[in-house]
Protein chains: 2
Amino acid sequence: MSVLIVGSTALDSIKTPNAENPRLLGGSASHAAVAASYFSPVKLVGVVGEDFPKAYLKLYRRHGIDLAGLQIKPGKTFHWSGEYELNMNNRRTLLTELGVFETFTPTLPAAHQRTPFVLLANIAPSLQQHVLDQMQRSRFVVADTMDLWLNIALDDLVKLLKRIDGFVLNDSEAQQLTKEDNVFVALKKLHKLGPKYVVIKQGSHGSILSGPKGIFICPAYPLRKVVDPTGAGDSFVGGMMGYLASAKGSVDDNLRRAMIHGSVTASFCCEGFGLKRTTRINRAQIDQRVKELEKLTKF
Amino acid sequence: MSVLIVGSTALDSIKTPNAENPRLLGGSASHAAVAASYFSPVKLVGVVGEDFPKAYLKLYRRHGIDLAGLQIKPGKTFHWSGEYELNMNNRRTLLTELGVFETFTPTLPAAHQRTPFVLLANIAPSLQQHVLDQMQRSRFVVADTMDLWLNIALDDLVKLLKRIDGFVLNDSEAQQLTKEDNVFVALKKLHKLGPKYVVIKQGSHGSILSGPKGIFICPAYPLRKVVDPTGAGDSFVGGMMGYLASAKGSVDDNLRRAMIHGSVTASFCCEGFGLKRTTRINRAQIDQRVKELEKLTKF
């Protein structure tokens, strides 16, 4: 089955203590779509400006990503610039130029409206809801978010949470939203806001799922070198949704292995700037790391 | 087989935002010994003053802990007082009265010198070495440490590391010692200092082992409420060594499950002040949580 992925499509200029990489392909939907493409057909919904490099359109297509929902508008592509400190845990935004993203309204082609798996990647919760308004019969809807929306669009986010199956957020966002330090108490509180499945991402410590089958502690794949963590969370949830759409059986039966596949896809993302590494892997390399993770956690 | 445990035996006065608990039984050796006692016979080596409550001696004995190596000296027992903030990740020391601990020299009874498993719980590295000087034929020696010794006794610690099989420390200590943020690079650097086995503790995120059989990612048991984390690290390593001493086969074959048992024992420690909870469990409760951890991590 296929996955519909809505989110930001951007140009990222990323600085680290050792390197500077201007105008890389970035954005939550780009990272999630490439990650998901290793498992299932992907339909991308987003907006770019007329300055969007043709090479990036080719890159999407090389991954079999359906671009019927990608709007190309007069104006400039969303441009984000950020700088990481040495330990990669702290980053600061240097620049945000919204461009055509400022007036983005995700309008779904008719053929997209019955996609069974829907990933509302990080984007304003009002736009995430607008996508749901157009969907006809989706089987499993997951939303990601970011701290910005907790600060400026909390009401919209709370409304969204009542309409989705799964909610993915990182530990500091979970803490901000629930006012709760303990991740297992936070998970309980998040369920009360609506979603049947909640995943809290913990960076290099992995992630925790809470769902009808209880808690799952999902490890991160061990990396000796992190080149650029930008998009790792999007790759995680993209890989997870792609795997789910590809797997036979129920979401409950597949979600743990889906998270493991997402975790491994995110590990590749961290090994290169932007999408440089994620776009150069294959399914066999992902499966190899999944096998390694099995060995690394067996007792 | 039995475990020799050397370390501090103290009275802990612990304040949290909700409660105050004066003069609890504490110290690295106390926590580790009680934890290990659920798996193997334990020989405790330490020192207390004449003010040490008889009830605490009874408590040790109730856990079958051999006290032939516990010195009772004129003077006061080591007294530590600390205060936790609301989220339990930050604590500050209010008071440290060394008492008889200031002149402690761990002298081993002859019967102790051939104990196969040796845990050098947190104590000055010079004293940890002094214990090794007296050992005859130990099978597996593990040392724990704390940031204090990195600051004031680094040379002694480096010497110690060349003489032990396993080294257990927490993530911030590993970072301080290796000047390395990445835990997997830190593990490599720590091996170069001597130990064949290195375990980095990551609090509620679990722990990571590096050894001849590669990396093991050991989860923490999920807790919705942490009452007092004091001694959790000592309980972890105590439970680990107790399990190892009890298990048939090689250390390599048993170490992963030993860490899981240590992790579970530490989870009980966090659920009560001082040793209040750890002293009231039984082996069946530990085994139950080990089974739960198996379910929580399976994919």
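As a reminder, the structure under discussion sits directly above these lines.
Residues numbered from 1 in each chain as written. Chains lettered and ligands numbered in written order. Predicted model: local features only at pLDDT ≥ 70, side-chain atom pairs only at ≥ 80, totals over all residues. Heavy atoms only, no water.

K.L.:
So, the overall build of chain A: which residues are in play, and what are the values?
P.N.:
Secondary structure summary: chain A contains 10 helices and 13 strands in total. Radius of gyration (C-alpha) of chain A: 18 Å, near the 19 Å computed for a compact globule of 299 residues. Along the first, second and third principal axes, the C-alpha atoms of chain A reach 50 × 45 × 40 Å. A total of 299 residues make up chain A; the buried ones form 61% of that total. Taking the intrachain contacts of chain A between residues at least 6 apart in sequence as the baseline, contacts between residues at least 24 apart amount to 64%. Carbon and sulfur atoms make up 50% of the accessible area of chain A, which totals about 12,400 Å². Within chain A, one finds 37 positive and 27 negative side-chain charges whose respective centroids are separated by 7 Å. (Helix = DSSP H or I, 4+ residues; strand = E, 2+ residues; numbered from the N terminus. Rg over C-alpha atoms; globule rule 2.2 N^0.38 Å. Buried < 20%, exposed > 50% of the residue type's maximum accessible area, 1.4 Å probe, protein only. Contact = heavy atoms within 4.5 Å. Areas by Shrake-Rupley, 256 points an atom, 1.4 Å probe, with all protein chains shown as cover. Lys, Arg positive; Asp, Glu negative; His and termini not counted. Charge placed at Lys NZ, Arg CZ, Asp CG, Glu CD.)

K.L.:
Help me get a handle on the relation of the copies chain B and chain A, residues and values and all.
P.N.:
When chain B is fitted to chain A, the residual RMSD is 0.0 Å, and the transformation amounts to a turn of 180° plus an axial shift of 0.0 Å. Given the turn and translation reported, the copies of this chain are related as if by a two-fold rotation axis. Among all residues of chain B, the one whose C-alpha sits closest to the rotation axis is His205 of chain B, at a distance of 3.2 Å. (Least-squares fit on C-alpha atoms with pLDDT ≥ 70 in both.)

K.L.:
Account for the environment of Ala143 of chain B, with residues named and values stated.
P.N.:
All names here are of chain B. Locating Ala143 in the fold gives a position in strand β9 (residues 140–144). Owing to a relative accessible area of 0%, Ala143 belongs among the buried residues under this scheme. Linking Ala143 and Arg289, residues 146 residues apart in sequence, is a C-alpha distance of 26 Å. Discounting chain neighbours no more than four positions away, the residues touching Ala143 are Leu120, Gln128, Leu160, Ile164, Gly166, Phe167 and Val168.

K.L.:
Outline empty space enclosed by the protein, listing residues and values.
P.N.:
Residue and element names in this part refer to chain A. Going through the model one piece at a time under the given rule, you end up with 3 cavities of 30 Å³ or more. Roughly 70 Å³ of volume is contained in the largest cavity. In terms of lining residues, the largest cavity is bounded by Tyr197, Leu209, Gly211, Pro212, Lys213, Gly214, Ile215, Phe216, Asp252, Leu255 and Arg256. Approximately 40 Å³ is the volume attributed to the second largest cavity. (1 Å grid on protein atoms, 1.4 Å probe; cavity = no way out; pocket = protein on both sides within 12 Å on 5 of 7 lines; lining within 4 Å. Points joined across faces, edges and corners; volume = space filled by probe spheres on them.)

K.L.:
Which residues make up the pattern of salt bridges, and what values do they have?
P.N.:
Summed over the entire model, instances satisfying the criterion amount to 20 salt bridges over all chains. Arg289 of chain A is the salt-bridge partner of Glu271 of chain A, the closest N and O atoms lying 3.0 Å from each other. You can see Glu271 of chain A sitting in the loop between α9 (251–270) and α10 (283–297) and its partner Arg289 of chain A sitting in helix α10, a full 18 residues away along the chain. Taking relative accessible area as the criterion, Arg289 of chain A reaches 9% and is therefore assigned buried. The salt bridge partner of Lys189 of chain B is Glu180 of chain B, with a shortest N-O separation of 3.9 Å. A cluster of three or more residues bridged by salt bridges with shared partners is formed by Glu271, Arg277 and Arg289 of chain A. (Salt bridge = Lys/Arg side-chain N within 4 Å of Asp/Glu carboxyl O.)

K.L.:
Can you explain the interface of chain B and chain A? Please cite residues and give values.
P.N.:
The partner chain A presents 27 residues to the 27 residues of chain B that form the contact. Summing both partners gives a buried area of about 2,500 Å² for chain B against chain A, and 63% of it is carried by carbon and sulfur. Ranking the residues of chain B by area buried against chain A places Ile217, Arg224 and Phe299 of chain B at the top, with a combined share of 31%. Counting across the interface, chain B meets chain A through 0 salt bridges. The interface formed by chain B and chain A contains 10 residue pairs in polar contact (both at pLDDT 80 or more). Put simply, the parts of the chain that give the side of chain B that touches chain A at least two residues each are α7 (183–192), β13 (214–218), α9 (251–270) and α10 (283–297) of chain B. Tallying contributions element by element places α10 of chain B first for the side of chain B that touches chain A, with 5 residues. The residue inventory of the side of chain B that touches chain A, partitioned by class, reads 13 nonpolar, 5 polar and 9 charged. (Buried area = accessible area lost by both parts, 1.4 Å probe. Polar contact = N/O pair within 3.5 Å; in protein donor to acceptor, adjacent residues only side chain to side chain. Nonpolar A, V, L, I, M, F, W, Y, C, P; charged D, E, K, R; others polar.)

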